[in-house]
Amino acid sequence: MLVSKNGEIVGGATTKSKRLALRFDATGHSAYEEVSRNDVLELIESGAGPICRSGHEATALAPPTAKNSRSRSRTRWVHDAPVDIPSVHMRDLRKLDNVFSASNEPSITVRHQAILVNCDPVRAVIMRNVTLVFLPDGADSLVLHLQTMFKKLLEDATTPFEFMSLEAILATICNLFSAECEKIVPRGREVLDKMACDDSMLSELENLRAIKNEMSALEAQVDGMRRLLMTLLENEVDMHMLYLTKLYKEPSCLRNLFGFDTDDAEAFLEVYLQTIYGIKTCVSLMTHNIHNTESIVMLKLDSKRNFLLSIDLSLTLMGTLLAVPTFVVGVFGMNLNSYIQQVDYVFWIVFAVCILLVVVPHHYIVKYLKEQGINMSWTY
């Protein structure tokens, strides 16, 4: 249960237009805090300091000159004019709210002295000296993961705080994905093993459907994170804007934003991109196993259906052939005096004819159907 700083139990994401957030400082210590979007915006603007510029004061971008980057195959742009780094607006903070979010697609938005992370279930605002993580309902396990990762990474931090915060959030998301995958995959394998056999196969279809839905949701989340990290790594402007501390301490970098390397940021982002790829591989493999098992089950059901159809065809054929002897028996059973019943051996002759009328046509019909590729055997 989440408790506010006043000791009140907070049951929802908002309380009097404020949201419960977990605030991390540069030492890794955390504290619960109730903040509104206005509070967050004021905190970002105050933290931006004297280099915060309005849109009218910013100079337009000069025509860029491209040169090859040493660390990646991307193109590095060099500017001689100040770069217009967009500042945080209220609409940017509004996207961190589930109510106003247009989609669940994860995103990392880099603004002036702020990094906005919107990766369900983590929504956070990262600044150069503080991080605010907005807590959803039932976030006990998420809080524990975040506190552990922040404390672990900031204990002996040698890189800027914003990188450690972003790495802690990405590590938390990867851990949540891995835990979800480790929870679903064994259940899926157990159901698939049962469905591979005939015992209680149909009873496992509902369980398989639920597991398949969970795997699809997890795969969508992992794919979203993969696209997010790849897009961020390929965006040269955002990669340089991630250096909040450097841009704050060295305002001259704004005149040549692309004059320094982003190897540190690229390194830890690529590490988590590889982790996401590993999780995606595990999820994709499980999804393929489910599809393959479904195909096998459908083949088994088709085989059983064909077997039942062959039995039905055999019984229909026998019933049709028995109709003629039944007619003969019915004729002799009528209350008409034909005197044939008084002739010796007529009963046995009629009985033999009735048997032949059933056996001989059945033999030739079955032989003809086998020649046409239709198996009339009752052996499954």
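A quick note: this is a predicted structure, and the numbers were derived from the prediction, not measured.

### Quick word on the UniProt feature "transmembrane region" (unreviewed entry) in the protein chain
The sites that UniProt annotates as "transmembrane region" (unreviewed entry) are residues 307-333 and 345-366. Split by type, residues 307-333 is 93% helix and 0% strand. Its first and last C-alpha atoms lie 38 Å apart. In the segment residues 345-366, helix accounts for 95% and strand for 0%; the C-alpha atoms at its two ends are 32 Å apart.

### Side note on the pattern of salt bridges
Counted under the stated rule, the structure contains 11 salt bridges. A salt bridge links R111 to D92, with the shortest nitrogen-to-oxygen separation between them at 3.3 Å. Placement of the pair is R111 in strand β6 (residues 107-111) and D92 in helix α2 (residues 90-94), with a sequence separation of 19 residues. In terms of burial, R111 and D92 fall into one category: buried. A salt bridge links D120 to R123, with the nearest nitrogen and oxygen atoms 3.2 Å apart. Assessed through its relative accessible area of 4%, R123 is described here as buried. A single network of salt bridges, built from pairs that share partners, joins D223, R226 and K280.

Conventions used here
Residues numbered from 1 in each chain as written. Predicted model: local features only at pLDDT ≥ 70, side-chain atom pairs only at ≥ 80, totals over all residues. Heavy atoms only, no water. UniProt positions renumbered as here; feature names shortened; annotations may be inferred. Helix = DSSP H or I, 4+ residues; strand = E, 2+ residues; numbered from the N terminus. Salt bridge = Lys/Arg side-chain N within 4 Å of Asp/Glu carboxyl O. Buried < 20%, exposed > 50% of the residue type's maximum accessible area, 1.4 Å probe, protein only.

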